[in-house]
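These are the residues of each chain, in order.
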There are 2 protein chains.
Amino acid sequence: MVYNSGEMKNRNVTIEDVARVCGLSRATVSRVINGEANVKPLTVEKVNQAISELGYHPNIHAQALSGGGARTVGIMLPKTWRSYYSSLLSGIEEIAAKEGYYALVMTRDYLNSSERIFEEGRVDGFIFRNMDRVKEHEKLLSKLQKKNIPFVLIGNPLRDYPAITIDNVGGGRTVAQHFAEHGYKKVIFLSGPKDNIDSNDRYFGFRIGFEERGMDPEGILRLQGDYSTKSGFNAVSEVVPLYRPDAIFAANDRMALGAMLCLHKSGLRVPEDIAVAGFDDSYFAKYVTPALTTVRQPFREMGTTAMKELCSMLGSGSPRGGKIILPAEFVVRASCGCPYSHDESLDVLDSDENNE
Amino acid sequence: MVYNSGEMKNRNVTIEDVARVCGLSRATVSRVINGEANVKPLTVEKVNQAISELGYHPNIHAQALSGGGARTVGIMLPKTWRSYYSSLLSGIEEIAAKEGYYALVMTRDYLNSSERIFEEGRVDGFIFRNMDRVKEHEKLLSKLQKKNIPFVLIGNPLRDYPAITIDNVGGGRTVAQHFAEHGYKKVIFLSGPKDNIDSNDRYFGFRIGFEERGMDPEGILRLQGDYSTKSGFNAVSEVVPLYRPDAIFAANDRMALGAMLCLHKSGLRVPEDIAVAGFDDSYFAKYVTPALTTVRQPFREMGTTAMKELCSMLGSGSPRGGKIILPAEFVVRASCGCPYSHDESLDVLDSDENNE
DNA sequence: CTGAAAGCGCTTACAG
DNA sequence: CTGAAAGCGCTTACAG
C-alpha cells in the first residue's frame, strides 16, 4: 500500500494522517514516535508501517512548541574564519548527528543576536569560539549564564565558564625547551591579540620552559601581533634590522609565516640565521619552505568534546559544565633548525583534511 | 517601567504578555510585529514600547507553525572541507542576515537527510556545494525539484538546475594561452574527480585555448586526480620519470601543490624545468615556493549570489532559478615562469581573509 | 482600526 | 494500553 505522499501538493503528511490510516488517535501515534514503552507491540508495528508508507516526518516546530526544544545548537564563530574551524565544525557535527541536533552557524554580529536567537527558540544552547573582543564576550556570557542558557567555549577560557581548551602552556613550554636544545638564547615571542588568553598562555608556557632550562625569561622580546599573517610580517620587520634574535616563536602559524616572509625579504635564512616556530599546525605548515615547526591543535577533537559537553548540559538541564584541557602535540619540522625532508610531509598527505 | 523579564524563571515572554500590558488583543500585537499598515499609530507605539520593555521576542516555532516558514536555509557542504568554503559561508551569511534567514550547516550524510530536514520544516530551501557523487546528487536534486523544494547549487552545474558557477572554461582557456605565450607545448592537465563538471570545464577551456594558439589539444596528457594534494603528487609521480612535460595545469591548487612537491622530490625545478598552474587561489597559493600561478574563484561573491538567488526563489514561491556565471580572474605569480617577487604577496597580505 | 476564534502539528497530563 | 482535550505561541480570515 503506497500513499504516494510525494505527489501530494500543498499539504504535508501530519500525525493526524498517520493516526487516521491506523485507526488510532494522535496520542498513540505520538507515543510510538517518541518510543514510549507502554504501547502494544502490534500497534507500534502498525504505526511504523504507516509512517514509512506515508513518508511522514514530525514537524519540528510543532514538537518544539509542545516542549521538545529546537534540537539545534548555535555555533558562533569569528567573522574572520581560519581554515581550521572546518575541523572544529566537522567534530561538532559528528556528535550533533549522533544526538539528533543540528548546527546553526553564525559568524556575524552574534554578540548582539545570541540572546535573541535563544529567546526566539531557535537554539537550545551555544558553542562559542573566539574571544577577541574580550569585554563584549564577557558581558554576553555572563548574561547568558544568568539566564541559565547553556553554552560551551572552545579555547580561550574566561573566568570559570565551561570550556574546551588545549594545553597552551604545555605547548609553549615544549617550544622553549626545544629552542634551548638548539642553543637559541636570544628569542622573540610574537603574540596574538592583546588579552587573548590562548596567546598569553602560550607566552607563559614559553617563559616557564626557558626558565626551566636555566635562562632568564625576561630576556624574551615580546612583539605584538593580531594572529594575521601581515601582523607577523610587520612586527618582525620593525625590529629585525636592529635586533637579531636566534629564534622566533609565533603564537600562531599565520604570524610565523608572516615572520618567515619578512626574514626572507631581509635576506635572512630560516632556520640557518633565525629559527621559527608557530602554533596550530595549519594546512600550509608542512608545505611552506622551510616546513614549519609548530604545535598541533586537535581541532576535530576539540569540536567533538565541546559538543559532547553541550549535549550533556542540554540533557541534564544543568547549564554549567567544567573545563576540559586537551593535549597539544609538538610537531618538529625544518624551521626550528632540525633536519627534515619534505618527503616526510608526503607521508601525511593523507591527513589533508585533518587540520585544514 | 521595567518588567524585569530577565529574572523571570520558567516562562518566556509571549505575545499574550505584550497584549495584556497594552490592553490589546494578541491579534493587534501580531499586526504590529509584522508591520501591517492598518494599525493606529498610537497603538503601534504603545506595542513597540511594551515589546522592548518586556524584552519580547516572537517564538520562531509558533511563527513557523502558523505559516511563516522556518526562515532557515540548509547549507550543504562536502565532508572534506576546503578552506575556501569559509568565504562561501561568509557571503551566504551576509545576505542571510540581511534577509532575516539563518544558516543550518551540514556536511555529513546530507544526501540522505536533506529531504527529511525539509519535511520536518527545519529549512525553507537549500544551497548545495559539492557534486562529487554525481549520481546520488542527481537523484536527490531531481526529487527535490519534483517536490518543488527550492535550492541553488554553487559550482558544478548539473543539467539545468539553478546554479551559481564561475567561468571555468574561460579560466582554463586563459591558462592555456598563457602557457602558449611561454612557449610551452608539451603539457599535462591534472583533473579533478571523474564526472566533476567544474574540472571538465576547465579541461575543455584549456583545450580551446591551446587550439586557438594553433596547437593540437590532443597532445595534452590528462591525468586523473581527485582534488587532494596527494592525488596530485601521485598522478605526477607516475608519469614524470618517463614523460617530461613543459608545464602542468592542475584543476585545483591542492593538486598543483602535490605536483610541485613531486617535482621537487624528483629534483626538478619549478618553473625552470616544468611550469605549474593551479585553480582556486587558495590561501597558501601565494606563500608556497614558487608562488603559485592560478585562477581565482570569487568565493565570497559566489556565496552572496547564491543566497540572493535562493531568497528570491523563496520570496516569489517560484522554485526555479537560472544559472549565473561569475568571472574568474587569472592570477600570475612565479610557478608559470613569470618574474615574480614574494614582495608582491605582501601587498595582498591584507586580503588574508579573502580566499582563506 | 481592533477583537474573538479557529487553526498550525505536535505532546502530555488525565481518565479510563 | 489508548483516547479526548488542553495547551504550546503564534497568524489570519471574519466580523464589526
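Residues numbered from 1 in each chain as written. Chains lettered and ligands numbered in written order. Predicted model: local features only at pLDDT ≥ 70, side-chain atom pairs only at ≥ 80, totals over all residues. Heavy atoms only, no water.

Enquirer: Could you give an account of the pattern of salt bridges, naming the residues involved and the relevant values?
Expert: Residue and element names in this part refer to chain A. For the structure on display, the rule yields 31 salt bridges over all chains. For Lys 147, the salt bridge is made with Glu 119, and the minimal N-O distance between the two is 2.6 Å. With a gap of 28 residues between them, Lys 147 in the loop between α7 (134–146) and β4 (151–154) and Glu 119 in helix α6 (residues 110–119) connect regions that are remote in the sequence. Classification of Lys 147 by relative accessible area gives partly exposed; the value is 24%. On the basis of relative accessible area, Glu 119 is assigned to the buried category, the value being 14%. In this structure, Arg 213 and Glu 181 form a salt bridge, with 3.5 Å as the shortest nitrogen-oxygen distance. One end of the pair, Arg 213, is in the loop between α9 (197–212) and β7 (221–224); the other, Glu 181, is in helix α8 (residues 168–182), and 32 residues separate them in sequence. (Salt bridge = Lys/Arg side-chain N within 4 Å of Asp/Glu carboxyl O. Helix = DSSP H or I, 4+ residues; strand = E, 2+ residues; numbered from the N terminus. Buried < 20%, exposed > 50% of the residue type's maximum accessible area, 1.4 Å probe, protein only.)

Enquirer: Could you give an account of the protein's contact with DNA strand D, with specific residues and numbers?
Expert: Around DNA strand D, the surrounding shell holds 29 residues, and the nearest of these are A:Thr28, A:Arg31, A:Thr43, B:Ile15 and B:Ser30. Among the atoms of DNA strand D lying within 4 Å of the protein, the sugar-phosphate backbone contributes 65%. In the model, a phosphate oxygen of DNA strand D is placed 3.1 Å from a nitrogen or oxygen of the A:Lys40 main chain. Between A:Thr43 and DNA strand D, the recorded distance is 2.5 Å, taken from a side-chain N or O atom to a phosphate oxygen. Classifying every residue of the surface near DNA strand D by side-chain character gives 11 nonpolar, 13 polar and 5 charged. (Near = heavy atom within 4 Å. Polar contact = N/O pair within 3.5 Å; in protein donor to acceptor, adjacent residues only side chain to side chain. Nonpolar A, V, L, I, M, F, W, Y, C, P; charged D, E, K, R; others polar.)

Enquirer: Give me the lowdown on the domain arrangement of chain A, citing residues and values where you can.
Expert: Residue and element names in this part refer to chain A. With domains assigned, chain A is organised as domain 1 (5–58), domain 2 (70–166 + 299–324) and domain 3 (168–297 + 330–353). For domain 2 and domain 3, the distance between their C-alpha centroids amounts to 29 Å. Each partner contributes to the interface: domain 2 provides 13 residues, whereas domain 3 provides 14 residues. Buried surface at the junction of domain 2 and domain 3, both sides included, amounts to about 1,200 Å², of which 43% is carbon and sulfur. Taken together, the links from domain 2 to domain 3 amount to 0 salt bridges. Connecting domain 2 to domain 3 are 2 residue pairs in polar contact (both at pLDDT 80 or more). Put simply, the parts of the chain that give the side of domain 2 that touches domain 3 at least two residues each are β5 (163–166) and α12 (299–316). A breakdown of the residues in the side of domain 2 that touches domain 3 according to their chemical character gives 7 nonpolar, 4 polar and 2 charged. (Domains from an automatic or database assignment. Contact = heavy atoms within 4.5 Å. Buried area = accessible area lost by both parts, 1.4 Å probe.)

Enquirer: So, the relation of the copies chain B and chain A: which residues are in play, and what are the values?
Expert: When chain B is fitted onto chain A, the two copies agree to an RMSD of 0.1 Å after a turn of 180° and an axial shift of 0.0 Å. Overall, the copies show the geometry of a two-fold rotation axis. (Least-squares fit on C-alpha atoms with pLDDT ≥ 70 in both.)

Enquirer: Tell me about the sheet that holds strand β9 (residues 275–277) of chain A, and please be specific about residues and values.
Expert: Residue and element names in this part refer to chain A. The 4 strands are arranged β7-β6-β8-β9 in an open sheet whose pairing can be described as parallel. Where the open sheet ends on each side, the last strands, each with one partner, are β7 and β9. Strand-to-strand twist in this sheet, taken as the mean axis angle between neighbours without regard to direction, amounts to 20°. Strands β6 (187–191), β7 and β8 (247–250) of the sheet are contacted by α9, whose axis makes an angle of about 165° with β6. (Pairing = 2+ DSSP bridges. Axes fitted to C-alpha atoms, helices over the stretch in contact; angles between N-to-C directions.)

Enquirer: Which residues make up the protein's contact with DNA strand C, and what values go with them?
Expert: Taken together, 29 residues lie near DNA strand C, and A:Ile15, A:Ser30, B:Thr28, B:Arg31 and B:Thr43 sit nearest. Each atom of DNA strand C within 4 Å of the protein was classed as base or backbone; sugar and phosphate made up 67%. Here a base nitrogen of DNA strand C and a side-chain polar atom of A:Arg26 are 3.0 Å apart. The contact in question runs from a base oxygen of DNA strand C to an N or O atom on the side chain of B:Arg31, over 2.4 Å. Going through the elements one at a time, α2 (26–33) and α4 (60–68) of chain A together with α2 (26–33), α3 (41–54) and α4 (60–68) of chain B are the ones with two or more residues in the surface near DNA strand C.

Enquirer: Would you mind going over the interface of chain B and chain A in detail, with residue names and values included?
Expert: Across the contact, 61 residues belong to chain B and 61 residues belong to chain A. In total, chain B and chain A occlude about 6,000 Å² of area from one another, counting both sides; carbon and sulfur atoms represent 57% of this. On inspection of chain B and its partner chain A, the count reaches 0 salt bridges. Residue assignment for the side of chain B that touches chain A shows that the elements contributing at least two residues are α4, α5 (85–99), β2 (102–106), α6 (110–119), α10 (229–239), α11 (253–265) and α13 (343–347) of chain B.

Enquirer: For the packing of helix α1 (residues 15–22) of chain A against helix α3 (residues 41–54) of chain A, give the residues involved together with the corresponding values.
Expert: Residues and elements named next belong to chain A. Two elements in contact, α1 and α3, have axes separated by 9 Å at closest approach and are oriented at 125°. Compared by their axis directions, α1 and α3 come out oblique. Crossing handedness for the pair α1 and α3: right-handed. Seen from α1, the contacting residues are Asp 17, Val 18, Val 21 and Cys 22; seen from α3, they are Lys 46, Val 47, Ala 50, Ile 51 and Leu 54. (Parallel < 35°, antiparallel > 145°, perpendicular 65-115°, else oblique. Left-handed = near helix turned anticlockwise from the far one by under 90°.)

Enquirer: Got a sec to walk through the state of the cysteines? Specific residues and values, please.
Expert: Residues and elements named next belong to chain A. The tally for this structure, following the rule as stated, stands at 0 disulfides over all chains. In this structure Cys 262 is not part of a disulfide, and its nearest cysteine sulfur, from Cys 336, lies 20 Å away. Judged by its relative accessible area of 2%, Cys 262 falls in the buried class. (Disulfide = S-S within 2.5 Å.)

Enquirer: So what about the packing of aromatic side chains? Which residues, and what values?
Expert: For the coordinates displayed, the defined rule picks out 28 aromatic pairs over all chains. Seen in terms of ring centroids, A:Phe189 and A:Phe206 are 6.1 Å apart; in terms of plane orientation they differ by 35°. Their pairing is tilted. With A:Phe189 in strand β6 and A:Phe206 in helix α9, this residue pair connects regions lying 17 residues apart in the sequence. Taken together, a centroid distance of 6.1 Å and an interplanar angle of 75° make the contact between B:Phe128 and B:Phe151 edge-to-face. Placement of B:Phe128 in strand β3 (residues 125–129) and of B:Phe151 in strand β4 (residues 151–154) is noted, with a sequence separation of 23 residues between them. Using a relative accessible area of 0% as the deciding quantity, one classes B:Phe128 as buried. For B:Phe151, a relative accessible area of 2% puts it in the buried group. Among the aromatic residues, those joined into a ring-pair cluster are A:Phe179, A:Tyr184, A:Phe189, A:Tyr203, A:Phe206, A:Phe210, A:Phe249 and A:Phe279. Of note, A:Arg254 hangs over the ring of B:Tyr283, and the distance from its end group to the ring centre comes to 3.8 Å. For B:Arg71, the ring lying beneath its charged end belongs to B:Tyr101, and the centroid distance is 4.2 Å. (Phe/Tyr/Trp six-rings, centres within 6.5 Å; stacked < 30°, edge-to-face > 60°. Lys NZ or Arg CZ within 6 Å of the ring centre and 35° of its normal.)

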